[in-house]
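Residue-level listing of the chains:
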Amino acid sequence: MAERDQELRQAAAAEIDKYKEEVESDPYRLLFHHMPPVGLLNDPNGFVQWKGTYHLFYQWMPFDTGHGAKFWGHYTSKDFVNWVHEDIALTPSDWYDKNGVYSGSAVSHNDRLYLFYTGNVKDEEGNREAYQCLAVSDDGVNFEKQGVIAELPEGYTAHFRDPKVWKNGEHWYMVIGAQSKDLQGKAVLFQSENLYDWKHLGPVTGSLENNLDEFGFMWECPDIFELGDQDILMVSPQGLEEEGMNYANTYQSGYFAGKLNYEKPKLEHGSFHELDRGFEFYAPQTTLDEQGRRILIGWMGVPDQYEQAHPTVEKQWVHCLTLPRELTWNGEQIIQKPVNELKEMRGPALIHASITIENDQKAVRGIGGRATELNLEFEQIEDQFAVELFQYAAISYKDGILTLSRPHLENREKTEFRRVELPQGLRNLHLFIDQSALEIFVNNGEEVFTSRIFPQPEEEDILFTSLGESSFSIEQWKLSGFTFS
Ligand code: FRU
């Protein structure tokens, strides 16, 4: 409905105007991560390179720092560093998406850009309906909704969403995150010849499918792609119990690797691997770019995980996206590395030194700053080694375990931890620090910790502590940040 669409666009623009100064005055606002202009941002959507330009959409609630009837906001870039904040792509203006233009994906076909998403509809009693929908564009900026393209198959609840579309051979495929009527999470496959008419094929895997025991009551944001010689299903299952160092957040994201038989359709796969070990990471999405790179962007947030405790809420915004990461398969697991283009943000190296610390705490001169990249290569860690960021977060390594700790977001008196085992020891830490966003790539991308950090704004120091002797080299750059226009 064109009229409702206009009303919603104007209301969102008014909200941006109203809180612009407040958002911009926030010391926690980000310099090289995508944040909402106001309100709440969640999943990355429609990530694609189309006619040379990367398009990155995001789930956006302009009117609140909570969840609700989502819009699709829209950024574009040619190089991952210089970004344009485009007009709103989609608003919840039609009967089939009036309570949210929920998550989805994009493909390029015959010079047009196709967006697939879930229309969320709720009645007064909270009953839900889910419609898979399509919108197309000839210019990459204005999108025309085409309405509903696939309805709910038998056997599933209305938790049926987040279509990810790709081409394999002659056919188009769409995988959808689902909940079966017996409350098990599934990834469900559809097939099409023309992107408009979709045939339901069935679940490729899920909780109580294939070799899996119970594995979550709902699977969100599935993504299927080839990586090396593997077919990967990346997914965000809900309802996994914490297990040792795994599944520590309210909800997790990870992947299964294996072989997808499109005929059956079944993914024969191994066990689930968590993609990230930090406090804030969820609903990642990938795209294959024109250079043949598989690139991932995730949401730096977790649904229902003390969202309102983020101090940015006072400044009328909450959450951001991760940096774009290139994925590769090393024969055993996915490796994640920040895309090469991000090096364009580097100023001259602030420091490049080899350091040995023995039973001491050291503030290396020149190390610090709140928009910075830091690379540490370890030669030796005798007993225990730690990096402390701004008297707030600490990254520590001991006995083969890497731990990230910070004050609990809801109760600063308590400390919270996330951990991972590093069977080969700690060889490398590559940190991106952006005001209140922290991404730690460990051992050249074997593990990643993604987290928000909220130190006092004036804190700038990074300290190193070693019990026993540790030797390492440090390289550090001040980062110019993204440009946004
Ligand atoms: C994941 C998710 C998706 C849904 C969207 C709504 O964070 O719950 O399943 O489409 O967010 O904003």
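Rules used in this analysis
- Residues take numbers from 1 onward in each chain, read along the sequence in its written order.
- In keeping with the predicted nature of the model, local features appear solely for residues at pLDDT of at least 70, side-chain atom pairs appear and are counted solely at 80 or more, and the whole-chain, interface and lining totals rest on all residues.
- UniProt positions are given in the numbering used here, feature names are shortened, and annotations may be inferred rather than shown by experiment.
- Helix numbering and strand numbering both begin at the N terminus, where a helix is a DSSP run of H or I of at least 4 residues and a strand a DSSP run of E of at least 2.
- Every radius of gyration here is taken over C-alpha atoms, with the globule rule written as 2.2 Å times N^0.38, N being the number of residues.
- Contact criterion: two residues are in contact if their C-beta atoms, reconstructed from the backbone, are within 7 Å.
- Note that domain bounds follow an automatic or database assignment of domains.
- The classification used treats Ala, Val, Leu, Ile, Met, Phe, Trp, Tyr, Cys and Pro as nonpolar, Asp, Glu, Lys and Arg as charged, and all other residues, Gly among them, as polar.
- Exposure classification rests on a simple neighbour count of other C-beta atoms within 10 Å of a residue's own: a residue reaching 20 or more is buried, one at 12 or fewer is exposed, and one in between is partly exposed. C-beta atoms are placed from the backbone.
- One bridge is not enough; two strands pair if DSSP finds at least two bridges between them.
- Between the N-to-C directions of two axes lies an angle of 0 to 180 degrees, each axis being a line fitted to C-alpha atoms and, for a helix, fitted only over the stretch in contact.
- Any residue qualifies as near a molecule or strand once its backbone-derived C-beta atom lies within 6 Å of it.
- Buried Ala, Val, Leu, Ile, Met, Phe, Trp, Tyr and Cys residues form a nonpolar core when they are connected through C-beta atoms within 7 Å.

- For the chain, an unreviewed UniProt entry supplies the name Sucrose-6-phosphate hydrolase and the organism Halobacillus halophilus.
- You can read under Catalytic activity (unreviewed entry) in the UniProt record for the chain the words "Hydrolysis of terminal non-reducing beta-D-fructofuranoside residues in beta-D-fructofuranosides."
- Recorded under Function (unreviewed entry), the UniProt text for the chain is reproduced unchanged: "Enables the bacterium to metabolize sucrose as a sole carbon source."

1. Some points on the overall build of the chain
(1) Moving on: Looking only at helices and strands, one finds 1 helix and 34 strands in the chain.
(2) Moving on: For 485 residues, the compact-globule formula gives about 23 Å, and the C-alpha radius of gyration of the chain, at 22 Å, lands near that figure.
(3) Moving on: The principal-axis extents of the C-alpha atoms in the chain amount to approximately 65 × 50 × 45 Å.
(4) Moving on: Across the chain, every contact between residues at least 6 apart in sequence was considered, and the portion connecting residues at least 24 apart equals 58%.

2. Considerations on the domain arrangement of the chain
(1) Moving on: As assigned here, the chain comprises domain 1 (2–338) and domain 2 (340–484).
(2) Moving on: Put simply, the middle of domain 1 and the middle of domain 2, counted by C-alpha atoms, are 29 Å apart.
(3) Moving on: Breaking the side of domain 1 that touches domain 2 down by element, the ones donating at least two residues are β4 (82–85), β19 (294–300) and β23 (334–338).
(4) Moving on: No other element matches β23, which puts 4 residues into the side of domain 1 that touches domain 2.
(5) Moving on: Of the residues that constitute the side of domain 1 that touches domain 2, the class distribution is 20 nonpolar, 9 polar and 6 charged.

3. Observations regarding unusual backbone geometry
(1) Moving on: Omega for the peptide link from lysine 264 to proline 265 comes to -20 degrees, which places this bond in the cis form.
(2) Moving on: Positive phi, close to 50 degrees, is recorded for asparagine 110, a residue that is not glycine.
(3) Moving on: Examined against the element boundaries, asparagine 110 turns out to sit in the loop between β5 (101–109) and β6 (112–122).
(4) Moving on: Residue asparagine 110 is classed as exposed on the basis of its 6 C-beta neighbours within 10 Å.
(5) Moving on: The backbone of aspartate 304 shows a phi angle near 65 degrees, a positive value even though the residue is not glycine.
(6) Moving on: As for its placement among the helices and strands, aspartate 304 is situated in the loop between β19 and β20 (317–318).
(7) Moving on: Take aspartate 304: there are 10 C-beta atoms within 10 Å of it, and that puts it in the exposed class.

4. Description of the UniProt feature "domain: Glycosyl hydrolase family 32 C-terminal" (unreviewed entry) in the chain
(1) Moving on: Under the feature "domain: Glycosyl hydrolase family 32 C-terminal" (unreviewed entry), the UniProt entry names residues 344–476.
(2) Moving on: In the segment residues 344–476, helix accounts for 0% and strand for 66%; the C-alpha atoms at its two ends are 14 Å apart.

5. Overview of the sheet that holds strand β10 (residues 171–180)
As a general point, the strands of a sheet are linked pairwise by backbone hydrogen bonds and lie either parallel or antiparallel.
(1) Moving on: Taking strand neighbours across the sheet as the criterion, the 4 strands line up as β9-β10-β11-β12 in an open arrangement whose pairing is antiparallel. Across the chains shown, the open sheet's two edge strands, defined by having one partner strand only, are β9 (156–168) and β12 (199–206). Mean inter-strand twist for the sheet, computed between neighbouring axes without regard to direction, equals 25 degrees.
(2) Moving on: Of the strand pairs in this sheet, β9 and β10 are connected by 8 bridges, and their pairing is antiparallel. Looking at the pairing, arginine 161 lines up with glycine 177 of β10.

6. Quick look at the site of the ligand
(1) Moving on: Near the ligand you find 14 residues, and of these Gln59, Tyr102, Ser103, Glu220 and Ala283 are the closest.
(2) Moving on: Elements that contribute at least two residues to the shell around the ligand include exactly β1 (39–50), β5, β9, β13 (218–227) and β18 (282–288).
(3) Moving on: For the shell around the ligand, the per-class residue count stands at 5 nonpolar, 4 polar and 5 charged.

7. What about the sheet that holds β1?
(1) Moving on: Taken in spatial order, the 6 strands line up as β20-β1-β2-β3-β4-β34 in an open sheet, and their pairing is mixed. Each end of this open sheet is capped by a strand with a single partner; those strands are β20 and β34 (483–484).
(2) Moving on: Alignment of strand β3 (residues 71–77) against β4, held across 3 bridges, turns out to be antiparallel. By the bridge assignment for β4, threonine 76 is matched with valine 84.

8. Overview of the nonpolar core
(1) Moving on: Formed by 121 residues in total, the largest nonpolar core has its most connected members in Leu115, Val175, Leu233 and Ile440.
(2) Moving on: If you count residues domain by domain, this core takes at least three from each of domain 1 (2–338) and domain 2 (340–484).
(3) Moving on: Here isoleucine 440 is in contact with Ile395, Leu404, Leu429, Leu431, Val448 and Phe449, once residues within four sequence places are set aside.

9. A short note on the environment of glutamate 377
(1) Moving on: Assignment of secondary structure puts glutamate 377 in strand β25 (residues 371–381).
(2) Moving on: Put simply, glutamate 377 and leucine 296 are 81 residues apart on the chain and 25 Å apart in space, counted from C-alpha to C-alpha.
(3) Moving on: Those residues in contact with glutamate 377 that sit more than four places away from it in its chain are Asn428, Phe472 and Ser473.

10. Some remarks on the pairing of β5
(1) Moving on: With 7 of 9 residues buried, β5 is to be regarded as a mostly interior element.
(2) Moving on: Note: β5 against β6, 7 bridges, orientation antiparallel. Bridge pairing links valine 107 to tyrosine 114 in β6.
(3) Moving on: Connecting β5 to the next strand, β6, in antiparallel fashion are 2 residues, including asparagine 110 with a positive phi near 50 degrees.

11. Some points on the UniProt feature "domain: Glycosyl hydrolase family 32 N-terminal" (unreviewed entry) in the chain
(1) Moving on: Mapped onto the present numbering, the UniProt feature "domain: Glycosyl hydrolase family 32 N-terminal" (unreviewed entry) falls at residues 33–338.
(2) Moving on: Regarding residues 33–338, the helix share stands at 0% and the strand share at 55%, and the terminal C-alpha atoms are separated by 13 Å.

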